[in-house]
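# Descriptive analysis of the structure
Now for the letters of each chain:
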Amino acid sequence: MAASLRIQSDWSRALSRDEGEAWLSCRSPGKPTLYGSLIRRGLSTEGLPDITASEGFVVAEVTKRSVLVSCPHENVSTKFLAPHMTFSRIHQKSITCLDITSGGGLGVSTSTDGTMKVWQAANGEIRRLLEGHVSDVSCCRFFPSGLVVLSGGMDAQLKVWSAEDASCVATFKGHKGGVLDAAVVDRGRNVVSCSRDGTARLWDCGKSACLGVIADCGCPINGIAVGTTDPVLSLGTPETAPSEREVGTEGKMLLLAQEDKKLQGVGLQSRQPVFLFVGSDAFNCCTFLSGTYVLAGTQDGNIYQLDVRNTNSPIQVICRSGAPVLSLLPYRDGFVASQG
């Protein structure tokens, strides 16, 4: 398990002043945490911020938008990037989920302030307030068109919204517990949801009807992901012919990140189990890197990379800290992870 190097404050704001300070820490599992600070003292001769580090930390590189810091004692380094833009007026409290349209024009987000909002990704201007869930909204997703939003809430309901006029065009009822995550299948004729009630369900958007229970795990399912898999992987055969309302499920697998420390793969159309992997703690999130490789994150800070053709042992286990892994997103040749 690798050491993790962190800055404990809004370093870009602290160091943007002529003189500012940000706190540093470096933590390795089983070892005392090392503490230090970054200090800015005006500008260097090259016109860049003159930043030094204390307590054995080293500033290796400084640009206008980043600082590369190393901790030679633990042989670890991290590049800290300043935000390109910051939107501080969309929500008043912590953001719990967000999504961006494929074209990058709109964002949708939910918050512990009890609101769900659609906003311009370019400037953070709020376009729509989506109101209708009885309790907290736990997840939000854009449909591929970018004009429709899917949401799930602790009121055990899924809702489909128009991002153009904020109207709720459909409500799905059937879960017995709060909805924790949702995913859009193909172009959006069908969607999938998971819940505290331990089930993952497939829904028909046109008729607001449940097409079937994909899995019943007997424990909360914290996260799901839908992906097209390598054709050589057998996803099983449906016991009965799929409904004509079921569109785009063939050749796809549903990943289930479960509270009971299990990551499960299920054929979306067949409803048959494909693999079952047991991790170190409750799985919070999962995603597809490709048709062969998947990622999943746990409550105790592990990120597992698996080959779905052989899940007997992970390809790698990444642990930068013991903080819960809350979300995972493929990005270019790698991925982005968020932790508590």
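Just so you know, these numbers come straight off a predicted model, no measurement behind them.

### Digging into the pairing of strand S16 (residues 179-185)
For S16, the buried fraction is high: seven of the seven residues fall into the buried class. Alignment of S16 against strand S17 (residues 190-195), held across six bridges, turns out to be antiparallel. Bridge assignment links Ala 183 to a residue of S17, and that residue is Val 192. Counting the residues that bridge the hairpin from S16 to S17 gives four residues, and of these Asp 186 lies at a positive phi of roughly 55°.

### Digging into the environment of Asp 136
Within the element layout of this structure, Asp 136 appears in the loop between strand S11 (126-129) and strand S12 (137-142). Note: C-alpha distance between Asp 136 and Gly 20 (116 residues apart in sequence) is 38 Å. With residues up to four places along the chain from it excluded, the contact list for Asp 136 reads Gly 153 and Met 154.

### Thoughts on the pattern of salt bridges
Taken as a whole, this structure holds six salt bridges when the rule is applied. Across the pair Glu 74 and Lys 31 runs a salt bridge, and its minimum N-O distance is 3.5 Å. One end of the pair, Glu 74, is in the loop between strand S6 (66-71) and strand S7 (76-81); the other, Lys 31, is in the loop between strand S2 (19-27) and strand S3 (34-43), with 43 residues separating them in the sequence. The partly exposed category is assigned to Lys 31, whose relative accessible area is 47%.

### A few points about the pairing of strand S23 (residues 273-278)
As paired elements, strand S22 (residues 262-267) and S23 share five bridges and run antiparallel to each other. Along S23, the bridge assignment pairs Leu 263 with Phe 277. In textbook terms, the turn of a hairpin is the stretch between consecutive antiparallel strands, and for S22 and S23 this stretch comprises five residues, one of which, Arg 271, has a positive phi near 65°.

### Looking at the sheet that holds S17
Strand order in the open sheet formed by four strands is S16-S17-S18-S19, and the pairing between neighbours is antiparallel. Each edge of the open sheet is held by one strand with a lone partner, namely S16 and strand S19 (209-216). Recorded for the sheet is a direction-independent mean angle of 20° between the axes of neighbouring strands. Here S17 pairs with strand S18 (residues 199-204) via five bridges, running antiparallel.

### Brief notes about the side chain of Lys 117
By the element assignment, Lys 117 lies in strand S10 (residues 116-120). Summary of buried charges: Lys 117 has no salt-bridge partner, and the nearest side chain of opposite charge, Asp 113, is 5.1 Å away. At 2.7 Å, the side chain of Lys 117 forms a polar contact with the backbone oxygen of Ile 90. Apart from residues no more than four positions distant in its own chain, Lys 117 is found in contact with Ile 90, His 91, Gly 107, Val 108, Ser 109, Ile 126, Arg 128 and Leu 129.

### A few points about the side chain of Asn 284
Mapped onto the elements, Asn 284 comes out in strand S24 (residues 283-288). Side-chain polar atoms of Asn 284 contact the side chain of Gln 299, separated by 2.9 Å. Within the structure, Asn 284 has its side chain in polar contact with the backbone oxygen of Val 325 (distance 3.2 Å).

### Regarding the environment of Ser 270
Mapped onto the elements of the fold, Ser 270 is located in the loop between S22 and S23. With a relative accessible area of 6%, Ser 270 lands in the buried category. When the C-alpha positions of Ser 270 and Glu 246 are compared, they lie 12 Å apart, and in sequence the two are 24 residues distant. Setting aside residues no more than four positions away along its own chain, Ser 270 makes contact with Leu 235, Gly 236, Thr 237 and Pro 238. In terms of polar contacts, Ser 270 uses its side chain to reach the backbone carbonyl oxygen of Leu 235, at 2.5 Å.

### Thoughts on the sheet that holds S7
Spatial strand order, S5-S6-S7: three strands in an open sheet with antiparallel pairing. Looking along the sheet, the strands with just one partner apiece sit at the ends: strand S5 (58-62) and S7. The mean inter-strand angle of the sheet, taken between neighbouring strand axes irrespective of direction, is 20°.

### Regarding the domain arrangement of the chain
By domain assignment, the chain separates into domain 1 (4-81) and domain 2 (95-339). Each of domain 1 and domain 2 was reduced to a C-alpha centroid, and the two centroids are 36 Å apart. The partner domain 2 presents five residues to the five residues of domain 1 that form the contact. Where domain 1 abuts domain 2, roughly 340 Å² becomes buried across the two surfaces, and 35% of that area is made up of carbon and sulfur atoms. Contact with domain 2 buries area across many residues of domain 1, yet Ser 4, Arg 6 and Arg 27 alone supply 78% of it, more than any other trio. There are zero salt bridges connecting domain 1 and domain 2. Of all the elements, strand S1 (residues 4-7) adds the most residues to the side of domain 1 that touches domain 2, at three residues. When its residues are assigned to classes, the side of domain 1 that touches domain 2 shows one nonpolar, two polar and two charged.

### As for unusual backbone geometry
Phi is positive for Glu 55, close to 55°, though the residue is something other than glycine. What makes Glu 55 exposed here is its relative accessible area of 63%. You will see that Asp 186, though not glycine, has its phi angle at about 55°, which is positive. Among the structural elements, Asp 186 can be located in the loop between S16 and S17.

Rules behind the numbers
- Per chain, the residues get numbers from 1 upward, laid out in the order the sequence is written.
- pLDDT decides what is reported in this predicted model: residues at 70 or higher carry local features, side-chain atom pairs at 80 or more are listed and counted, and totals for whole chains, interfaces and linings draw on all residues regardless.
- Side-chain figures throughout are based on the complete set of non-hydrogen atoms in the structure, without hydrogens or water.
- Throughout, exposure labels follow a simple rule: accessible area from a 1.4 Å probe, protein chains only, divided by the maximum for the residue type, with under 20% read as buried, over 50% as exposed, and the rest as partly exposed.
- To qualify as a helix, a DSSP run of H or I must reach at least 4 residues; to qualify as a strand, a run of E must reach at least 2; elements of each kind are numbered from the N terminus.
- Each pair of strands is called paired provided DSSP finds at least two bridges between the two strands.
- Contact between two residues is taken to exist if any of their heavy atoms lie within 4.5 Å; hydrogens are not considered.
- In the sections that follow, a salt bridge refers to a side-chain nitrogen of Lys or Arg positioned within 4 Å of a carboxyl oxygen of Asp or Glu.
- For helices, the axis comes from a line fit to the C-alpha atoms of the stretch in contact; other axes are also lines fit to C-alpha atoms, and the angle between any two N-to-C directions lies between 0 and 180 degrees.
- Charged residues are defined narrowly, with Lys and Arg counted positive, Asp and Glu counted negative, and His plus the chain ends left uncounted.
- Whenever two N or O atoms come within 3.5 Å, that pair is a polar contact, provided that in protein one can donate a hydrogen and the other can accept it, and provided that, for residues adjacent in sequence, both atoms are side-chain atoms.
- The domain limits used here are those given by an automatic or database domain assignment.
- Throughout, the accessible surface (probe 1.4 Å) given up by two parts as they are put together, summed over both, is called the buried area.
- In the scheme used here, Gly and all other residues not listed as nonpolar or charged are polar, with Ala, Val, Leu, Ile, Met, Phe, Trp, Tyr, Cys and Pro taken as nonpolar and Asp, Glu, Lys and Arg as charged.

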